[in-house]
Amino acid sequence: MDRPREASKTAAAPGAAARIGGLWLALPANFRGILLLAGGAFLLTSSDVVVKALGAKFAPHELSFYRYMTGMVVLTPLFVRLGWNGLKTARIGVHGLRMGLAFVAQLGVFYTIIHLPLADATAFMFSKPLFTTLVAVVVLSELVRARRWIATAVGFLGVLVMMRPGADGIDPVALIAVGTALLFAIANVLIRILAATEPTARMLFYYHIGGVAVFAGPTLWAGHAPVGIEWLLLLAIGVLTTGGMFCYFRAFSIGEANAVGPAENLRLIYAAALGFLLFAEIPSPWTVLGAAIIVASTYYIARAEARGERGG
């Protein structure tokens, strides 16, 4: 007697999904991109929160292992669809160099998240585009115009404001954060080089399987077996990171970079809010000022790139 009712419910579900999909597609492309980027920023910040919470027990290399292992599992259907022929590469050396830099940078990210206030660690990572300008000049021989050099210099002034060099010296963790941003910038430029022949799925495959291979041994050696909810939290790091990066890729593929890009700045707001609510962290005035300078300069650089000015 209840079968017709169940059948109608089953038929209604795809209809509801189609209506929601239609409403989504009816939104302007740039607005959809902004929403996706805002969501991705929240997912990545949430992953940082989990890392900070687990950092009291698990070292950065252990957190990295679970991050790459979970990402590998989530992305396996994509890799299977690509097939062995699609995964083969003739540029394993460049893949290896890029992975080595990114793995060290990943350790640096987790270390700074654990030992710095969440807003500070996030703000330092916003300096990546500044370093990317310098690395692109050296590695890719890109021409950079005077205005973009000025914007880059102003951005590094913001980094100095956050580091606050003085009589007491510089916080070593802040130096690690800046070095991490530099390593990620180099790795990102290597992605540009690889992208000429390597599809994104292939780069993701080597990145994740390499991460699992590199961090598996040290993680087993550490012997910190997760218990109870720790399993879910460790898995959440990989799921949230993978979901966040997917939102980023989709956002920039749907909308225009200069319209969508500024939404990434919400990550700073998320980090400050969650750091205050969950860890009682209050960003210092120097962090706020330095982050504002970095955001303003990177925003200018992003707009210049979106206009096709290969040097602002």
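Residues numbered from 1 in each chain as written. Predicted model: local features only at pLDDT ≥ 70, side-chain atom pairs only at ≥ 80, totals over all residues. Heavy atoms only, no water.

Where helix α5 (residues 118-125) contacts helix α12 (residues 266-279), the two axes come as close as 8 Å, and the packing angle between them is 165 degrees. Here α12 runs roughly antiparallel to α5, going by the angle between their axes. Crossing hand, α5 versus α12: right-handed. Counted together, Leu118, Ala119, Thr122 and Ala123 of α5 and Arg267, Leu268, Ala271, Ala272, Leu274 and Gly275 of α12 form the full contact between these two elements. (Axes fitted to C-alpha atoms, helices over the stretch in contact; angles between N-to-C directions. Helix = DSSP H or I, 4+ residues; strand = E, 2+ residues; numbered from the N terminus. Parallel < 35°, antiparallel > 145°, perpendicular 65-115°, else oblique. Left-handed = near helix turned anticlockwise from the far one by under 90°. Contact = heavy atoms within 4.5 Å.)

This brings us to the side chain of His208. Here His208 is to be found in helix α9 (residues 200-222). Those residues in contact with His208 that sit more than four places away from it in its chain are Arg67, Tyr68, Gly71, Met72 and Leu75.

Okay, the nonpolar core next. The biggest cluster of nonpolar side chains holds 61 residues, and the ones touching the most others in it are Leu63, Phe124 and Ile237. With ten residues, helix α8 (residues 172-194) is the largest single contributor of residues to this core. For Phe124, the residues in contact, after removing those within four places along its chain, are Leu116, Val159, Met162, Met163, Ala174, Ala177, Val178 and Ala181. Counting twelve residues, the second largest nonpolar core, distinct from the first, contains Leu37, Ala38, Ala41 and Ile254. (Core = buried A, V, L, I, M, F, W, Y, C linked by side-chain atoms within 4.5 Å. Buried < 20%, exposed > 50% of the residue type's maximum accessible area, 1.4 Å probe, protein only.)

With that settled, consider helix α3 (residues 60-87). Taking 1.5 Å as the rise per residue, α3 with 28 residues should run 40 Å; its terminal C-alpha atoms sit only 29 Å apart, a clear shortfall. A maximum bend of about 55 degrees is found in α3 at Arg81. (Expected span 1.5 Å × (residues − 1). Bend = angle between axes of the 7 residues up to and from the residue.)

The next point concerns the pattern of salt bridges. Overall, the coordinates contain four salt bridges when judged by the stated rule. The residue Glu281 makes a salt bridge to Lys52 at a minimum N-O spacing of 3.3 Å. Taken together, the positions of Glu281 in the loop between α12 and α13 (285-306) and Lys52 in helix α2 (residues 29-54) put the pair 229 residues apart, joining distant regions of the chain. Lys52 gets classed as buried once you look at its relative accessible area, which sits at 12%. (Salt bridge = Lys/Arg side-chain N within 4 Å of Asp/Glu carboxyl O.)

For the structure on display, the rule yields eleven aromatic pairs. For the ring pair Phe131 and Phe156, a centre distance of 4.9 Å and an interplane angle of 70 degrees mean the geometry is edge-to-face. Remark: Phe156 occurs in helix α7 (residues 146-163) and Phe131 occurs in helix α6 (residues 128-140); sequence separation between them is 25 residues. An aromatic cluster is built from Tyr68, Phe103, Tyr207 and Phe215, whose rings are joined through pairwise contacts. Over the ring of Phe279 we find Lys52; its NZ or CZ atom is 5.8 Å from the centre of that ring. In this structure, Lys128 packs its charged tip against the face of Phe184, placed 5.2 Å from the ring centre. (Phe/Tyr/Trp six-rings, centres within 6.5 Å; stacked < 30°, edge-to-face > 60°. Lys NZ or Arg CZ within 6 Å of the ring centre and 35° of its normal.)

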